[in-house]
Amino acid sequence: MSTFSSLSQKIFRNVDRYISHFENFVIATGLIFISGLIFVNVISRYFFGTSINWAEELARYIIVWITFIGISTCTRFDDHVKIEVLTNKFRQSIREIIKKIVNVVNTLLALYLFYLGFVITINMYNIGNKSVTMGMPIWLLYLAVPIGTFLMSFQFLKKVLNK
Amino acid sequence: SSTVDKEIVIKLSHVSSPGSARDLGAHKVKEIVEAETEGRVKVDVYPSSQLGGQRDQVEGVQSGNIEMVVVPTAYLGGTQPLITLLDTPFFLPPDLDDLKELYSSDAIRALLDTTEEVGIKTLSIWHTGYMQYSANRPILKPDDLKGLKVRVMASPILFEQAKTFGADGITMDFSETYSALQSRAIDGQENPIDTIFDMKFHEVQSDISLTTHGTLDQLFLVNQKWFESLDADIQAAIIKGVEEGQKVTVDSTYEAIERAKGIILSEGVNIHEVTPEQRTVFEEDAKPIIEFARNHFGEQGKKLFNDIEAEIKRITGK
Amino acid sequence: MFYILVSIFLILLLFGTPIFIAIIIPSLISFFTTFQNLNETLAIQRLIGGIDTFSLLAIPFFMFAAAIMSEGRIGGRLVSFVNSLVGHLPGGLALATVVTCTLFGAISGTGPAAIVAVGTILLPALLKEGYSEKLALGTIVSSSTLSMLIPPGVAMILYGVISGTSIGKVFISGISVGLLTSAFFMLFIFIYAKKYNLPRSKRATFKEVLHSFIQAFWALGFPVVILGGIYLGIVTPTEAAAIAVAYVIIVELLIYRSLKPLDIYRIAASSGRVIAMIFILIAAGSLLSWLLTVAQIPQMLVSLLDGMNPILILLLINVIFLIAGMFLDPNSSIIILTPLVYPVAMSIGVDPVHLGILIVMNASIGMITPPFGLNIFVATGTFKVPYERVVPGLVPFIFISIITLLLVTFIPEIALWLPNLMP
Ligand code: NA
Ligand code: NA
């Protein structure tokens, strides 16, 4: 039994590590890519008199992806902006209990957002709307939400389960 | 009629500022619908993109979160691209009465009905002025656009237009355009005069040329499922309201244009007339763009385009 | 119901729920109580719609550029140069921070960018010089709001377009009001520095100044490239931020050779995290402002103005904007409230440029007022300092800003003398 649980913990940790790499990849390459894209766009407009029509649109969409994938990473590192003036005044043991409850709430919210995100992505897929400039299917934009919030729910759940 | 006497509240959203032609039209819709339904229906008007930007407006009406929106045709580019056929330059009649006649024709109705493929009913098309070029030089022939960086709305036809005339079509957010014109990061843009005035672009441009090369018109969209679920008398009230609203919008657009022209001139900006001869040169050069538009949206687009073209010929005799 | 939702928000907030979740939960509940006619998936649309905005892009770019600079050498060298010029004055480096933020205002059109671009370099320097964290953070986070007053500014453009007021005149008015606010901030720091005898460094000799100038040559190219790019008409303010990224990468990677390509990837990942942290708050804020708009809460607030005495009306407009600023992102409050207060203000004969600058001043104060203060969030994310440690330092600056606001409210000439010189 204990070997089984240690094995599952190991798998869990490995999966988590791969997720972490995935998140970093999306965030980092996304940010580098859009910086380069807007830079190239300026150069091309100024020196060559043409501009990349879809640069602005794509940059906006990538920021949406960075945001929704990034909130999972922020959860992993406990980065989210919060106010702890009150909770810091409590005894350690009570503080732990409050944190658990808050993290249960957070997990449920993340799962609910995942559900809503999933529903709207499917809707967008069925409707078939495209982005105005690139003609990219809009569901690809919305897809950031179910993926990001699902990954985030996983991180919140980790906090609920840890000791 | 419905058994419950619960008041129906309709959100009517547009992207223009309060007091603008579109806003006045929207308020006319409110007035008529509320009066005709004797208080069973309440219409709340939300100006200035308060309920969201380009995507939000169209997706909002599509999903029914906003019941009615008034949006520029270009906003439909990603949802029902066929609508952007109306962006074609030097295609629609430059005479207002001709344009009005065209807009009430079956050929245009057929185009507008294509939004039903995506869950949107287009009740009407509200004309809000002809497009004019502004820049720091007069634009009296296609050559004058050569090498200029011109801000255009995101639409394949408008990009093609800029390209054909030798300009660089630049997409740019409205919130950046003023600063970009001011610092000369871009050279010009195209909009009806009253929009140029509303957006304050005349403060940072020296010349406006009355090229009247296209229209920037608005579609009055409603969520189709919602609309069809309404009682017949409410539907009739809305349709009547939209018709009256259209008149108010067109009339006040032209009042606003006259007023804006006066102020713009008094602030030292040059406004140039385009002679019929100069227009002919533009029309000649625009032919490839018209062919591009005709063939850009497949068979369905081609048929709609040809029908509209035939209707225009019938109306203008050209 | 409204009060129940507000209570839920406050309870979640006080028990340490991430702020974006504290906003989203009551918003989602409202779909089941108040807005049964709206589908809950609208929440997702609003979250995305709130950040799918081009002018916001400047924030991530400046964050990324600032993170690279502070890990590389540009940051340190810029600080040494600035310090060699003003470090010997009482509160010299803090004064230099305000000046830098004021200048940065000419580059940036939104509030938060200066925090990352200027603060990342100057915060460590201020702390090293012995300034308290409270004063250092307060100075940086508050002075960053000057970007909204000094043209160009997105808030001013929004006001101009919504109200039909000349953007050029509002810009010009912003110069005088921005410089006045900046001067008051500096006056406060100077008096504070005198009173508490803040540390000052030895006056640098001319040779030392020259040396640090040469050292900072490429680093100084950073502001030159951005300012030049904008004023020569090569780039827009948002694009300038992307140029900043390219510039610092080139200098750090190729000229200083202080970073390696893989470092850029690592820095991008950590900047991206901070961006997500701030953007999810903007997204949540836009969901909230949508719901408030649909519930017509702004209309209820503004109806208070009916039949008031003119002086009270202007004061109340300020109060309404200040309250909105506590809970909404400033651009949202301008979009929602301007159409409502503008006709009221015009009916009592207020100059539209005057009203505009008051609204933009209110919006800039809203950036630093809790609980929803975008600049506070950005500082929290950028400097890894908890929210509750950022806020105390802001109090004197909020106070000064409100005094300035009152001055401009009652002496319209402060706002109008410059625009009135225009033809
Ligand atoms: Na600025
Ligand atoms: Na605030």
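Residues numbered from 1 in each chain as written. Chains lettered and ligands numbered in written order. Predicted model: local features only at pLDDT ≥ 70, side-chain atom pairs only at ≥ 80, totals over all residues. Heavy atoms only, no water.

### Description of the interface of chain B and chain A
- Taken residue by residue, the interface counts 17 residues in chain B and 18 residues in chain A.
- Between chain B and chain A, roughly 1400 Å² of surface is buried when both sides are summed, and carbon and sulfur atoms account for 48% of that area.
- By the criterion of area lost to chain A, the three top residues of chain B are B:Arg55, B:Glu59 and B:Gly78, representing 31% of everything that side buries.
- Taken together, the connections running from chain B to chain A amount to 0 salt bridges.
- Scanning the region where chain B abuts chain A turns up 5 residue pairs in polar contact (both at pLDDT 80 or more).
- Where the side of chain B that touches chain A is concerned, the elements lending two or more residues are helix 2 (54-63) and strand 7 (168-170) of chain B.
- Here the side of chain B that touches chain A gets 4 residues from one element, more than from any other, and that element is helix 2 of chain B. (Contact = heavy atoms within 4.5 Å. Buried area = accessible area lost by both parts, 1.4 Å probe. Salt bridge = Lys/Arg side-chain N within 4 Å of Asp/Glu carboxyl O. Polar contact = N/O pair within 3.5 Å; in protein donor to acceptor, adjacent residues only side chain to side chain. Helix = DSSP H or I, 4+ residues; strand = E, 2+ residues; numbered from the N terminus.)

### Thoughts on the interface of chain C and chain A
- With 51 residues of chain C at the contact, the number on the chain A side is 56 residues.
- Counting each side, the surface lost to burial between chain C and chain A is near 5000 Å², with a carbon and sulfur contribution of 80%.
- Three residues stand out in chain C for area buried against chain A, namely C:Ile44, C:Ile48 and C:Arg273, and they jointly supply 13% of the buried area on that side.
- Across the chain C-chain A interface, the total number found is 3 salt bridges.
- Inspection of the region where chain C meets chain A yields 6 residue pairs in polar contact (both at pLDDT 80 or more).
- Elements supplying a minimum of two residues to the side of chain C that touches chain A: helix 1 (2-14), helix 2 (19-33), helix 3 (41-51), helix 4 (58-71), helix 14 (237-255), helix 15 (261-294), helix 20 (374-383) and helix 21 (387-410) of chain C.
- The dominant element in the side of chain C that touches chain A, judged by the number of residues it contributes, is helix 15 of chain C, at 13 residues.
- Looking at the side of chain C that touches chain A, its residues break down into 38 nonpolar, 8 polar and 5 charged. (Nonpolar A, V, L, I, M, F, W, Y, C, P; charged D, E, K, R; others polar.)

### Describing the packing of helix 6 (residues 92-104) of chain C against helix 7 (residues 113-128) of chain C
Residues and elements named next belong to chain C.
- The geometry of helix 6 relative to helix 7 is characterised by a closest axis approach of 10 Å and an angle of 165° between their N-to-C directions. Between helix 6 and helix 7, the interaxial angle falls into the category roughly antiparallel. The handedness of the crossing between helix 6 and helix 7 is right-handed. Touching Leu93, Ala94, Thr97, Thr100, Cys101 and Phe104 of helix 6 are Ala113, Ala114, Ala117, Val118, Leu122, Ala125 and Leu126, all from helix 7.
- Grouping the amino acids of the contact of helix 6 with helix 7 by side-chain chemistry returns 11 nonpolar, 2 polar and no charged. (Axes fitted to C-alpha atoms, helices over the stretch in contact; angles between N-to-C directions. Parallel < 35°, antiparallel > 145°, perpendicular 65-115°, else oblique. Left-handed = near helix turned anticlockwise from the far one by under 90°.)

### Some thoughts on the coordination of the sodium ion (ligand 2)
Residues and elements named next belong to chain C.
- At this site the sodium ion (ligand 2) is bound by Gly325 (O), Gly366 (O), Thr369 (O), Thr369 (OG1) and Phe372 (O), with donor distances of 2.2 to 2.6 Å.
- Of note, the donors binding the sodium ion (ligand 2) are all from one chain and are spaced G-x40-G-x2-T-x2-F. In this pair, Gly325 is assigned in helix 17 (residues 310-327) and Thr369 in the loop between helix 19 (352-366) and helix 20, connecting sequence segments 44 residues apart.
- On the accessibility criterion, Gly325 (4% relative accessible area) is buried.
- A relative accessible area of 9% places Thr369 in the buried class. (Donors = N, O, S within 2.8 Å, 3.2 Å for Na, K, Ca; no water. Buried < 20%, exposed > 50% of the residue type's maximum accessible area, 1.4 Å probe, protein only.)

### With respect to the UniProt feature "transmembrane region" (unreviewed entry) in chain A
- Mapped onto this numbering, the UniProt entry annotates "transmembrane region" (unreviewed entry) at residues 21-46, 58-77, 97-118 and 138-157 of chain A.
- Across residues 138-157 of chain A, the secondary structure splits into 90% helix and 0% strand, with the terminal C-alpha atoms separated by 30 Å. (UniProt positions renumbered as here; feature names shortened; annotations may be inferred.)

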